Amino acid sequence: MSEQMIKRALLSVSDKAGLADLGAALAARGVELVSTGGTAKALRDAGLTVKDVSDLTGFPEMMDGRVKTLHPTVHGGLLALRDNAEHVAAMEAHGIGAIDLVVVNLYPFEATVAKGASREEIIENIDIGGPSMVRSAAKNHGFVTILTDPEDYPALLEELAANNGTTSLAFRIRMAGKAYARTASYDAAIANWFAFGDAFTHPLGTEALHATPFVETMPLAFKRADVLRYGENPHQSAAIYVPQVVGARGVPQAVQLQGKELSYNNLNDADAALELAAEFAGQAPAVVIVKHANPCGVAQAGSLLEAWEAALACDPVSAFGGIVAVNTELDGATAEAISAIFTEVVIAPSVSAEAREIFAKKKNLRLLECGALPDPRRGGFAMRTIAGGMLIQSRDAGAVNLDDLKVVTKRAPTDQELKDCLFAWTVARHVKSNAIVYAKDGATAGIGAGQMNRRDSARIAAIKAQEAAETHGWPTPRTIGSAVASDAFFPFSDGLISAAEAGATAVIQPGGSIRDDEVIAAADAAGLAMVFTGMRHFRH
């Protein structure tokens, strides 16, 4: 059972990459090639002799190719135990020949869904015969070799070359495990389409989507993209997995142009920075500086360099060793400025040649080019493991605009205060709760994150703003005349009073506290303008 000779191979693939070379290499070893439909044609076009599955089974391919390999001759040849006398006798009695190698990759279901195909086309790309053959071959890996990934073709040929035309049990076990992982992810993609497909392709339409936001069994399928040096701490192991979704956008899909390999913390922080930078897609140049998954400086300006300078000024101490994300092409002048301080990661939609040349002098700096920014309002789920289970929720894709704001104070905010309110609100939704963000003229003035009460967050943000003023020699901190955003309502007036003491003149918060009247009265007493959003953004 350890080493098994490859005498007959069944090939049936949607992805024809490497097929001709594999077929030629197998034929050169005297392996009989059996195939179906388009795969058989591709092999014959390469000048190879191929036996049709229909010749093997005695039945033609039928029903538009839906039925071709679902036959005892095929599955008997895959499932028969070669060292079992009864199985061998059954094979002889029914004219079933052993199949030693199966090369199958499945109909492109995920790609078909991703391109927005019709419901009918999606259904036709649900493979039945392919997964059946894969599972049969993988189950009988003691005797049969299964390949489901063209990237494994070279490994197979190396195995055959090293073992005189045979495969080892270790190799077959590894390929069988990979095969079952593929059918599991394939079935998960199909199950997720049935559960969450969009209103145009979902088999039961829009009503089903609203009726079942969370299915009874949540199928998840992710593919390992890389094994990381270690996790959050050196004693933890880690890897990064990506969803098998065509067109996914984010840090894992970015191209690393230079620098050391990305760590677990780098990836987590870069994701936080990129998600916030994506809020400003298509807008004026914006720079986001993140440290430990929290923004420590964010700004928009007429140029990327000006935005960098304003973002850095917010908290230059925390920016040291931080992660930088921008919303537009990274130019040379901005790259030169960023290079002046120690920075772990820089990520941008594109990077100019001049900027690349400048960063090349910083060998350890990780430079990423992400292409299109992720959609901050995209759907999907956020997942977090807990002891004994997993929490799953829809992504926080909620947003507010000017028309959603409700003025609750005697004084209405000015146009500039409204702009600063919305800017601060955008940043606050990306800051760990309890979150307080002061902003003025399109730049953060102070950020208070992750405190156990909102008053302390307001005070910490004001302290950072005062320190920044002292560092830069400003006469007053930028909280003077700023707008302040709170990710959730002020449960008491103390947090709002702290913001007023820091110099804020406008407030944006969700509202909804039983003490809203008390907080509104405090705002009126301080001469503040305050608006309610009706939406909170906790981020734990």
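Residues numbered from 1 in each chain as written. Predicted model: local features only at pLDDT ≥ 70, side-chain atom pairs only at ≥ 80, totals over all residues. Heavy atoms only, no water.

1. Overview of the overall build of the protein chain
So, point 1. On a plain count of helices and strands, the protein chain comes out with 20 helices and 23 strands.
So, point 2. Each principal axis of the C-alpha distribution contributes one length, and for the protein chain these read about 95 × 55 × 40 Å.
So, point 3. When each of the 540 residues of the protein chain is scored for burial, the buried share is 49%.
So, point 4. The long-range share in the protein chain, meaning contacts at least 24 apart out of those at least 6 apart in sequence, stands at 56%. (Helix = DSSP H or I, 4+ residues; strand = E, 2+ residues; numbered from the N terminus. Buried < 20%, exposed > 50% of the residue type's maximum accessible area, 1.4 Å probe, protein only. Contact = heavy atoms within 4.5 Å.)

2. Focus on the pattern of salt bridges
So, point 1. Across all of its chains, the model carries 20 salt bridges by this definition.
So, point 2. Here E275 makes a salt bridge to R378, at a shortest N to O gap of 2.7 Å. Separated by 103 residues along the polypeptide, E275 in helix α12 (residues 264–277) and R378 in the loop between β15 (366–369) and β16 (381–386) bring together distant segments of the chain.
So, point 3. Of the residues examined, R378 reaches a relative accessible area of 27% and is grouped as partly exposed.
So, point 4. R395 is paired through a salt bridge with E275; the nearest N and O atoms lie 3.5 Å apart. Of this pair, R395 sits in the loop between β17 (389–394) and β18 (406–407) while E275 sits in helix α12; the two residues are 120 residues apart in sequence, bridging distant segments of the chain.
So, point 5. Taking relative accessible area as the criterion, E275 reaches 10% and is therefore assigned buried.
So, point 6. Members of the salt-bridge network, linked through shared partners, are E279, R377, D396 and R429. (Salt bridge = Lys/Arg side-chain N within 4 Å of Asp/Glu carboxyl O.)

3. Quick notes on helix α5 (residues 85–93)
So, point 1. Its side-chain oxygen placed 2.9 Å from the backbone nitrogen of E86, N84 serves as the N-cap of α5.
So, point 2. At the C-terminal side of α5, G95 shows a positive phi close to 65 degrees. (Polar contact = N/O pair within 3.5 Å; in protein donor to acceptor, adjacent residues only side chain to side chain.)

4. Considering the pairing of strand β11 (residues 286–291)
So, point 1. Of all six residues in β11, five are buried; the element is thus mostly enclosed.
So, point 2. With six bridges connecting them, β11 and strand β12 (residues 294–300) associate as antiparallel partners. Following the sheet pairing, A286 is matched in β12 by Q300.
So, point 3. Here β11 hands over to β12 after two residues, with H292 in that stretch at a positive phi of 50 degrees.
So, point 4. Alignment of β11 against strand β13 (residues 322–326), held across four bridges, turns out to be antiparallel. Bridge pairing in β13 places I289 opposite V324. (Pairing = 2+ DSSP bridges.)

5. Details of the packing of helix α1 (residues 19–28) against helix α9 (residues 153–162)
So, point 1. Between α1 and α9, the least distance of the axes is 11 Å, while the angle of their chain directions is 10 degrees. Taken together, the axes of α1 and α9 lie roughly parallel to each other. Along the contact surface, α1 presents L19, L22, A25 and L26, while α9 presents Y153, L156, L157 and L160.
So, point 2. Within the contact of α1 with α9, the residues separate by chemical class into eight nonpolar, no polar and no charged. (Axes fitted to C-alpha atoms, helices over the stretch in contact; angles between N-to-C directions. Parallel < 35°, antiparallel > 145°, perpendicular 65-115°, else oblique. Nonpolar A, V, L, I, M, F, W, Y, C, P; charged D, E, K, R; others polar.)

6. Remarks on the nonpolar core
Proteins that are soluble and globular tend to have nonpolar side chains buried together.
So, point 1. Ranked by internal contacts, the top residues of the largest apolar core, which has 47 residues, are I347, V427 and I508.
So, point 2. Take this core: its biggest share by element is eight residues, from helix α17 (residues 415–428).
So, point 3. Excluding residues within four positions of it along the chain, V427 makes contact with L276, P295, V298, V437, T444 and I447. (Core = buried A, V, L, I, M, F, W, Y, C linked by side-chain atoms within 4.5 Å.)

7. Points about the packing of helix α18 (residues 454–472) against helix α19 (residues 493–501)
So, point 1. α19 packs onto α18 with a crossing angle of 10 degrees between their chain directions and a minimal axis gap of 8 Å. The pairing of α18 with α19 is recorded here as roughly parallel in orientation. Contacts from R455, A458 and R459 in α18 reach D494, G495 and S498 in α19.
So, point 2. Across the contact of α18 with α19, the residue classes tally to one nonpolar, two polar and three charged.

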